[in-house]
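# Topology and contacts: notes
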Amino acid sequence: MQEADIKFLEDSFKKYYFEHFDLIHVPERTSEREFGYQKFNSGMTRHIQIKDDKELHLLFMQNVPSDVYCSNAYYSFPNLPMNEKDWKEADLIFDIDAKDLNLSCRDNHTVSICNECNEISKNSKQCRKCNSTKLEKKSLPCKNCIDTSKVEVSKLSEILVDDFAINKENIQVYFSGNEGFHVYVYTSQFQKIGSRERSELSDYIMLRGAIPETFGMKKFKPDRSSFPDFDDKGWKGRFSKHVFGTKSKRSKIISEILENGYSSFQKTLDNVSENIGVKIDPNVTMDIHRIFRLPGSINSKSGLTKILCKDISKFDPYIDASFLSDETVEVLANFPIEFKLKNKKFGPYNNEKITIPIFAAVYMICKKLARIA
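Residues numbered from 1 in each chain as written. Predicted model: local features only at pLDDT ≥ 70, side-chain atom pairs only at ≥ 80, totals over all residues. Heavy atoms only, no water.

### Here we look at the domain arrangement of the chain
Entries for the chain in the domain assignment read domain 1 (3–98 + 142–203 + 281–324), domain 2 (104–139) and domain 3 (209–276). One C-alpha centre belongs to domain 1, the other to domain 2; they are set 30 Å apart. Across the boundary between the two partners, domain 1 contributes five residues, which contact four residues of domain 2. In total, about 350 Å² of surface goes out of reach between domain 1 and domain 2, with carbon and sulfur atoms giving 53% of it. Among the residues domain 1 hides against domain 2, the three largest losses belong to Cys142, Cys145 and Glu179. Together they make up 72% of the total. The tally of links from domain 1 across to domain 2 stands at one salt bridge. A salt bridge links Arg106 to Glu179; the shortest N-O distance between them is 2.8 Å. Seen at the junction of domain 1 and domain 2, the total is one residue pair in polar contact (both at pLDDT 80 or more). Here the residues of the side of domain 1 that touches domain 2 sort into three nonpolar, one polar and one charged. (Domains from an automatic or database assignment. Contact = heavy atoms within 4.5 Å. Buried area = accessible area lost by both parts, 1.4 Å probe. Salt bridge = Lys/Arg side-chain N within 4 Å of Asp/Glu carboxyl O. Polar contact = N/O pair within 3.5 Å; in protein donor to acceptor, adjacent residues only side chain to side chain. Nonpolar A, V, L, I, M, F, W, Y, C, P; charged D, E, K, R; others polar.)

### So, the UniProt feature "active site" (unreviewed entry) in the chain
According to UniProt, the "active site" (unreviewed entry) feature falls on Asp95, Asp97 and Asp281. Taken along the chain, the residues just named run across 187 residues; in space they keep tight, none of their C-alpha pairs more than 7.9 Å apart. Along the polypeptide, Asp281 turns up in the loop between helix H7 (262–276) and helix H8 (282–286). (UniProt positions renumbered as here; feature names shortened; annotations may be inferred. Helix = DSSP H or I, 4+ residues; strand = E, 2+ residues; numbered from the N terminus.)

### With respect to the pairing of strand S2 (residues 44–49)
Of the strand pairs in this sheet, strand S1 (residues 34–38) and S2 are connected by four bridges, and their pairing is antiparallel. The residue of S2 that forms the bridge with Tyr37 is Thr45. Counting the residues between successive antiparallel strands, the hairpin from S1 to S2 contains five residues, one of them, Asn41, with a positive phi of roughly 60 degrees. (Pairing = 2+ DSSP bridges.)

### Points about the pattern of salt bridges
Under the criterion given, the structure shown has 24 salt bridges. The closest approach of N and O atoms between Lys192 and Glu89, which form a salt bridge, is 3.3 Å. Pair noted here: Lys192 is in the loop between strand S11 (180–185) and helix H4 (195–206) and Glu89 is in strand S5 (residues 87–90), with a separation of 103 residues, a long-range link. According to the relative accessible area criterion, Lys192 is exposed, its value standing at 61%. A salt bridge links Lys99 to Asp97; its shortest N-O distance comes to 3.3 Å. Exposure remark for Lys99: the relative accessible area of 46% places this residue in the partly exposed category. With relative accessibility at 13%, the residue Asp97 sits in the buried group. Within the structure, one salt-bridge network assembled from shared partners comprises Arg29, Glu32, Lys88, Glu89 and Lys192. (Buried < 20%, exposed > 50% of the residue type's maximum accessible area, 1.4 Å probe, protein only.)

Given below as structure tokens:
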């Protein structure tokens, strides 16, 4: 990224933090958490202890970070090296990202940037200019990406409440600032569990590693009465609704399952897991020392804000998470697809100078698809 682009992003981010510090979520028990930040074109600085809003505001103003992070964990000494922090407990956090959902629409809004000659083209495996295969992919998530991610958030929330007896008031959903959502669980019975137990929670939520016996199918002498019913709680009830469809079809489908045998049922179960298991990133949930993007801060991959979704059904990140200036700036844009921000359409552009609002310019520069003219 060129110096002019970095200077432009820093100025835009600094103005945001000066004008919108009220959006920054300073978490409870602030002084027990580890903070960290990155600056444009520099590495991570972490193991920082923040006492209050005033100190956090100072960090933003003095450093003009590209990204700011905060731990879900609570420590006795958050400013010390990891093995000396004295871990106490950690909130549960789940990451749902559109890139992990295997959506067919992504081909339509993914571009390839050649690392050799910087040629930009629609999603391709080889540079059309120099034939290099060293390509960086950049995706501009569409409405379908966001809507499908919302479905996964709803599935996750249902399991957290119904299967784990977590109070709805202790669950908060944040748009990540780029391609998905972070689901936070505060003050639950799972605060003190470690990585292994969090991994097992993730497996349950994803319906990963499910075995036929759990759902009534035995290798030897299977019994019709062992199969789950529609009124069963948890995954058994969800399995019944997905596989049997209706109560009238249940008996016939069980007969087919018994006829096809154990191995066939395992394949059916794998397909069920893929279809109704929640698509979370298990590595995020099991990491009890990870630092997460701070709510209210800007995501440098997009220029959009990580923000609380009070009503996820109505939430539109391309309106509700875009807070940068409407003032205009001239950029050189190479943007082979169309996108929409704040109800305005932009692109496609073919190596052309354009005058656009700062919020759109930041989005494109963060995606490496434009630069300051």
